[in-house]
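Analysis of the macromolecular model
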Amino acid sequence: MLLRLLLIWTLNALALVAVANFVPGIHVDGFMAAFIAAFVLGLVNTLIRPIFLVLTLPVTMLTLGLFIFVINGLMFWFAGSILLGFVVDSFWSGVFGAVLYSIFSWALSSAAAQLLVRKNGNQHKDTDQF
């Protein structure tokens, strides 16, 4: 369980480094800063994001779910504003970075799950879980 959590955390840090290389408005000062930022982003998405999702539900429904991109961008921008070594220059950099971060994290987690399934010889149909 702890090893699985550490693997996901490391993959999210790698995704954050990749996002910093693709988005000009996002800066990460090394892998350790990305590791800490991935932890903080996980906490923000676990603790604060659900509150915002509930509070903005009417707007989210009016925009057919597109307002979730705004919420994700705000959470990404917020994490960048409270951490040293992880900087998000603007709101739009946060939105674009959050979208790329989600895509990269999903791709890395899926690839790792596939590799672990092949290595362990498990025949599970659900590869979303390690």
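Residues numbered from 1 in each chain as written. Predicted model: local features only at pLDDT ≥ 70, side-chain atom pairs only at ≥ 80, totals over all residues. Heavy atoms only, no water.

Glancing now at unusual backbone geometry. With phi around 55°, Leu64 is a residue other than glycine that occupies positive phi space. Judged by relative accessible area, Leu64 falls into the exposed class, the value being 76%. (Buried < 20%, exposed > 50% of the residue type's maximum accessible area, 1.4 Å probe, protein only.)

Under the UniProt annotation, "transmembrane region" (unreviewed entry) lies at residues 30–48, 55–79 and 91–117. End C-alpha atoms of residues 55–79 are separated by 20 Å, and the span's content is 80% helix alongside 0% strand. Structurally, residues 91–117 comprises 100% helix and 0% strand, and the distance from its first C-alpha atom to its last is 38 Å. (UniProt positions renumbered as here; feature names shortened; annotations may be inferred. Helix = DSSP H or I, 4+ residues; strand = E, 2+ residues; numbered from the N terminus.)

Attention now moves to the packing of helix H5 (residues 67–82) against helix H6 (residues 91–120). Running from N to C, H5 and H6 point in directions that differ by 100°, and their axes come no closer than 7 Å. In terms of orientation, H5 and H6 fall into the roughly perpendicular class. Taking contact as the criterion, the partners of Phe69, Val70, Asn72, Gly73, Leu74, Phe76 and Trp77 in H5 are, on H6, Phe91, Gly94, Val95, Gly97, Ala98, Val99 and Tyr101. A breakdown of the residues in the contact of H5 with H6 according to their chemical character gives ten nonpolar, four polar and no charged. (Axes fitted to C-alpha atoms, helices over the stretch in contact; angles between N-to-C directions. Parallel < 35°, antiparallel > 145°, perpendicular 65-115°, else oblique. Contact = heavy atoms within 4.5 Å. Nonpolar A, V, L, I, M, F, W, Y, C, P; charged D, E, K, R; others polar.)

Judged by nonpolar contacts, the single largest core of 26 residues is most densely connected at Leu16, Val19, Ile26, Val28, Phe76, Phe86 and Tyr101. Secondary-structure elements contributing two or more residues to this core are helix H1 (2–22), strand S1 (26–28), helix H2 (31–47), H5, strand S2 (86–88) and H6. Ignoring any residue separated from it by four or fewer positions in sequence, one finds Phe76 in contact with Leu16, Val19, Ile26, Leu41, Phe86, Val88, Gly94, Gly97, Ala98 and Tyr101. (Core = buried A, V, L, I, M, F, W, Y, C linked by side-chain atoms within 4.5 Å.)

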